[in-house]
Amino acid sequence: MASPVGALVGSMLIGLTEAFVAGYQADLHVLGEGFGDVAPYAVMVLVLLVRPAGLFAAKGAARV
């Protein structure tokens, strides 16, 4: 828990994802009936692919 702000933003992102998917469940039927259960995990995987060190991680110095 090096970044409490990152944890707060991440939890808000997951919560908003769950709310949006629940609200648009009828429009997202093409993606499958259980997409609402999978959507938060998909967001977490995408964030880990884009920012593996964290949402607000500082860039480390590169040693050469």
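For clarity, every value in this text was computed on a predicted model and none was experimentally measured. (Residues numbered from 1 in each chain as written. Predicted model: local features only at pLDDT ≥ 70, side-chain atom pairs only at ≥ 80, totals over all residues. Heavy atoms only, no water.)

A.B. asks: What exactly am I supposed to notice about the overall build of the protein here?
C.D. replies: Broken down by element type, the protein carries two helices and zero strands. On C-alpha atoms alone, the protein measures out to a radius of gyration of 15 Å, which is more than a quarter above the 11 Å that the 2.2 N^0.38 rule sets for 64 residues. Taken over the C-alpha atoms alone, the protein extends approximately 50 × 25 × 15 Å along its principal axes. Carbon and sulfur atoms provide 70% of the accessible area of the protein, an area that totals close to 5300 Å². (Helix = DSSP H or I, 4+ residues; strand = E, 2+ residues; numbered from the N terminus. Rg over C-alpha atoms; globule rule 2.2 N^0.38 Å. Areas by Shrake-Rupley, 256 points an atom, 1.4 Å probe, with all protein chains shown as cover.)

A.B. asks: What is the right way to look at the packing of helix H1 (residues 4-23) against helix H2 (residues 35-50) in this model?
C.D. replies: The packing of two helices is summarised by the inter-axis angle and the distance between the axes. At a minimum axis distance of 9 Å, the contact between H1 and H2 shows a crossing angle of 145°. Considering only the axes of H1 and H2, their crossing is right-handed. Contact with H1, carried on its side by Leu13, Ile14, Thr17, Glu18 and Val21, involves Phe35, Gly36, Ala39, Pro40, Val43, Met44 and Val47 of H2 and no other residues of that element. Taken together, the residues of the contact of H1 with H2 sort by class into nine nonpolar, two polar and one charged. (Axes fitted to C-alpha atoms, helices over the stretch in contact; angles between N-to-C directions. Left-handed = near helix turned anticlockwise from the far one by under 90°. Contact = heavy atoms within 4.5 Å. Nonpolar A, V, L, I, M, F, W, Y, C, P; charged D, E, K, R; others polar.)

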